[in-house]
Amino acid sequence: MNEPAAFSEAPRPLLELRTVTMRFGGVVALNGVELIVGEGEIFALIGPNGAGKTTVFNVVTGVYQPTDGEVRFAGGRIDGKKRYAVTKLGVARTFQNVRLFHNMSALENVLVGADAHHRTGIAGAALGLPWHRHEERDGRAKARELLEFVGIPRRLEETAKNLPYGDQRRLEIARALATDPKLVLLDEPAAGMNPAEKYALQDLIRKIRDSGRTVLLIEHDMSLVMGISDRIAVLDFGEKIAEGRPVEVQNNRRVIEAYLGAPADAS
Amino acid sequence: MNRHSNGTEALTRARRSVGGGLEPVRQRWAAAPRWARWLVYLALIVGALLLPAASLGTFMTPQSDWATVLFYPIGIYILLAIGLNVVVGQAGLLDLGYVAFFAIGGYAMAVLGTRFGWSFWEILVVGVLASAVSGLILGAPTLRLRGDYLAIVTLGFGEIVRITAQNTDYIGGPRGIAGIPHPPSLSDSEIFGVAPFKYGVLDPRPYYYMLVALIVITIIFAKRLENSRVGRAWMAIREDEDAAELMGVPTFRFKLAAFAIGASIGGAAGVVWSAKVISIIPNNFPFILSATILAAVVLGGSGNIPGVMLGAFLIAWLPERFRGFQDYRVLAFGAVLVLMMALRPEGLLPSRRRRAELAEGTGGMGSLGAEVGGPETSAPAVVTK
């Protein structure tokens, strides 16, 4: 069950970025980035602030159309697809600054994610058809399960904004998982967490991977990244400057210069 | 941004004293067993059916016929407010041209009834569909806009419909259409001296009963939608449209659905109203009616069905009640509205969520407070680097 898929050098690629370039006017946020994330990996994306990490997330989830290059997911192209369509194909994400539906309950937040695969239309919902009731029940059961999975089972009815910060981050992960993703993008999930919470988060990320999903992670906390990642890619000024296993990346000269060399970041 | 920092101390204190009080009621309601709730619903419906009693009328509207006022404006306003609430309160889209759908329903009844001899029940179905389609036609190009822009486009739409009616000879131009047939009577039998299913010229009560039935059905549908994936999607869109879309909500489709549903309710109101009044003219559908219904929704508590019904009732009833004051009643009415919004900006019976959103200054009116821009320009909001 805990068999790490990491050691086979070339797992089946799930997400591929092919020479992706993203330009905003004169600013080049991503410059010909090549990235291949294999199925079942925990893949980390690191780099200094402004390196383009979140831009990668935005390109993958359809928020941006890349200026050039292509994004492939599970074999098919996903650049140019609508955001909700990308989600339905199996890509879910969290946000760097928590973006929950603040005035909805924890359960409802997760239900919105679960609804991604529900089919009930207006008529079904308005007439209360059996199919709709069935979906509604299943969705609730699934949402409860997921809240338990991420470790906040007791706060179903709590309004999202009233949850402690760490729980909000967990809730965001639960909401993303509710869309049944093959690939989960976590944008700085450990930001603002205390050491105990980070430790628990590390377990949670492993659990997500062990449940058969692939994780792509942006994180600044090096001990976390080095501890759980199968592979790491380093971005700097929109370019990939290194990629490999944690040990390889740690010893890469360019990486040390660009990023790890700064003592404040080495934590 | 923050409303509270703008208000003076005194205003804040005054707000606090008129606010609250609802929460215990709400909790008891949530905890009440199912049968108790049904009992309350049943009592409310029976109450609504008994409302036209003449003894009530002498107090409620001493200057006009109470049963007539109950049908229009009160009943019609309530139905319209429930419909507009789907658009404004639930999906958070500011629609300033809602009267257009009321007009389309009304004209559907008038044209099909006088020119083609269709019966009321057939036209009710067709009118509702026609309004829904016109909602889709208005929504499809405009719902990509957000906030203020949407408000302006819908405002324009309301005027376009009215002015088109005014300039189309086929539907009577400014003179409108007269001789609209009444609904065929379903039964002549009398209960307590009323023939509730006999739709004639003199007695407004049968129309009122029909309206009550329509309102009840609409509430059931609206409530079910609210508690389903559709309602959740609307709520999510209101809270954070980008995040909603990234969680798999086809936001455009759901906004369009809200528009179509709101439109069809407005259309139904139009059909029923025009089947009673015999003749309609384009000036029955002025912008001020859209604004009034919107005021009812906001005053009552945007997003909460009992709230918007109360708002619509007050907005329809108060001017009738104080008819004796002649033109001053409008002045007094305006003053009451201003005072209300100062003291209780979230409305009389707000939905808990809308109140929270208002306090944060995020939800507000439609998405007026939110960032404005198309899907492309709004993207940087996601990016924080």
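Quick notes on the rules
Residues numbered from 1 in each chain as written. Chains lettered and ligands numbered in written order. Predicted model: local features only at pLDDT ≥ 70, side-chain atom pairs only at ≥ 80, totals over all residues. Helix = DSSP H or I, 4+ residues; strand = E, 2+ residues; numbered from the N terminus. Contact = placed C-beta atoms within 7 Å. Pairing = 2+ DSSP bridges. Axes fitted to C-alpha atoms, helices over the stretch in contact; angles between N-to-C directions. Expected span 1.5 Å × (residues − 1). Buried ≥ 20, exposed ≤ 12 C-beta atoms within 10 Å, placed from the backbone. Arc of directions from axis to C-beta. Core = buried A, V, L, I, M, F, W, Y, C linked by C-beta atoms within 7 Å. Domains from an automatic or database assignment. Nonpolar A, V, L, I, M, F, W, Y, C, P; charged D, E, K, R; others polar. Parallel < 35°, antiparallel > 145°, perpendicular 65-115°, else oblique. Left-handed = near helix turned anticlockwise from the far one by under 90°.

K.L.:
I'd like a rundown of the overall build of chain B, residues and numbers included.
P.N.:
Summing up its helical and strand segments, chain B has 17 helices and 0 strands in all. Restricting to contacts in chain B with at least 6 residues of sequence separation, those with at least 24 account for 75%.

K.L.:
Give a detailed account of the sheet that holds strand 6 (residues 91-93) of chain A, specifying residues and quantitative values.
P.N.:
Residue and element names in this part refer to chain A. The strand order across the open sheet built from 6 strands is 6-7-8-3-9-10, with neighbouring strands paired in mixed fashion. With partners counted over all chains shown, the strands left at the sheet margins are strand 6 and strand 10 (239-244), one partner each. Across the sheet, the axes of successive neighbouring strands diverge by a mean angle of 20°, strand direction being ignored. One ladder, built from 5 bridges, connects strand 9 (residues 231-236) with strand 10; its direction is antiparallel. Note that in strand 10 the partner of Asp 236 across the bridge is Glu 239. Sitting on the sheet, helix 7 (residues 195-210) is in contact with strand 3 (42-46), strand 7 (183-187) and strand 8 (214-218), with an inclination near 145° to strand 8.

K.L.:
Tell me about helix 5 (residues 130-150) of chain A, residues and numbers included.
P.N.:
Residues and elements named next belong to chain A. With 21 residues, helix 5 should cover 30 Å at 1.5 Å per step; its first-to-last C-alpha distance of 30 Å lies within 8% of that length. For helix 5, the set of buried residues is His 132, Glu 135, Glu 136, Gly 139, Ala 143, Leu 146, Leu 147 and Val 150. The buried residues of helix 5 all sit within an arc of 100° when viewed along its axis, so they share a single face. Exposed positions of helix 5 whose direction lies more than 90 degrees from the buried face are Pro 130, His 134, Arg 137 and Ala 141. On its buried side, helix 5 packs onto helix 3 (106-114), helix 4 (122-127), helix 6 (165-177) and helix 7. Backbone geometry just downstream of helix 5 places Gly 151 in the positive-phi region, at approximately 95°.

K.L.:
For the nonpolar core, give the residues involved together with the corresponding values.
P.N.:
In this structure, Tyr 77 and Ala 81 of chain B are the most contacted members of the largest nonpolar core, which totals 176 residues. Considering each element in turn, this core owes the most residues, 17 residues, to helix 6 (residues 66-90) of chain B. Each of two domains, domain 1 (10-89 + 216-267) and domain 2 (91-180) of chain A, supplies a minimum of three residues to this core. Beyond its immediate chain neighbours, meaning those up to four positions away, Ala 81 of chain B contacts Ile 293, Ala 296, Val 297, Val 308, Met 309, Gly 311 and Ala 312 of chain B.

K.L.:
Talk me through the interface of chain A and chain B; I want residue IDs and the actual numbers.
P.N.:
At the junction of the two partners, chain A supplies 36 residues and chain B supplies 30 residues. The set of elements that each furnish at least two residues to the side of chain A that touches chain B consists of helix 1 (53-60), helix 2 (83-89), helix 3, helix 4 and helix 5 of chain A. Among the residues making up the side of chain A that touches chain B, the classes are represented as 11 nonpolar, 17 polar and 8 charged.

K.L.:
Tell me about the packing of helix 3 of chain A against helix 6 of chain A, and please be specific about residues and values.
P.N.:
Residue and element names in this part refer to chain A. Two elements in contact, helix 3 and helix 6, have axes separated by 7 Å at closest approach and are oriented at 30°. Relative to helix 6, helix 3 is oriented roughly parallel. Both helix 3 and helix 6 take part in a crossing whose hand is right-handed. Taken together, the residues of helix 6 that come into contact with helix 3 (itself represented by Ala 106, Asn 109, Val 110, Val 112 and Gly 113) are Leu 171, Ala 174, Arg 175 and Ala 176. Counted by class, the contact of helix 3 with helix 6 contains 6 nonpolar, 2 polar and 1 charged residues.

K.L.:
An account of the domain arrangement of chain A is needed here, citing residue identities and associated values.
P.N.:
All names here are of chain A. What the domain assignment reports for chain A is domain 1 (10-89 + 216-267) and domain 2 (91-180). Counting residues at the interface gives 9 residues for domain 1, matched by 6 residues for domain 2. Broken down by class, the residue content of the side of domain 1 that touches domain 2 amounts to 5 nonpolar, 3 polar and 1 charged.

K.L.:
Describe in detail helix 14 (residues 287-300) of chain B, supporting the description with residues and values.
P.N.:
Residue and element names in this part refer to chain B. A rise of 1.5 Å per residue sets the reference length of helix 14, with its 14 residues, at 20 Å; its end C-alpha atoms lie 20 Å apart and thus fit the reference within 8%. Among the 14 residues in helix 14, 11 count as buried, and that is most of the element. By the burial criterion, the buried members of helix 14 are Leu 289, Ser 290, Thr 292, Ile 293, Leu 294, Ala 295, Ala 296, Val 297, Val 298, Leu 299 and Gly 300. Of the surrounding secondary structure, the elements contacted by the buried residues of helix 14 are helix 6, helix 7 (99-115), helix 9 (148-167), helix 15 (305-321) and helix 16 (328-343). Immediately downstream of helix 14, the backbone of Gly 301 shows phi near 130°, a positive value.

K.L.:
Please provide a residue-by-residue account of unusual backbone geometry, values included.
P.N.:
Omega for the peptide link from Tyr 72 of chain B to Pro 73 of chain B comes to 10°, which places this bond in the cis form. The topology assignment puts Pro 73 of chain B in helix 6. Non-glycine residue Thr 19 of chain A carries a positive phi angle of around 35°. Mapped onto the fold, Thr 19 of chain A is located in strand 1 (residues 13-24). For Ile 278 of chain B, which is not glycine, the phi dihedral falls at a positive 75°. With respect to the helices, strands and loops of the structure, Ile 278 of chain B is situated in the loop between helix 13 (251-277) and helix 14. Note on Ile 278 of chain B: 14 C-beta atoms within 10 Å, which makes it partly exposed.

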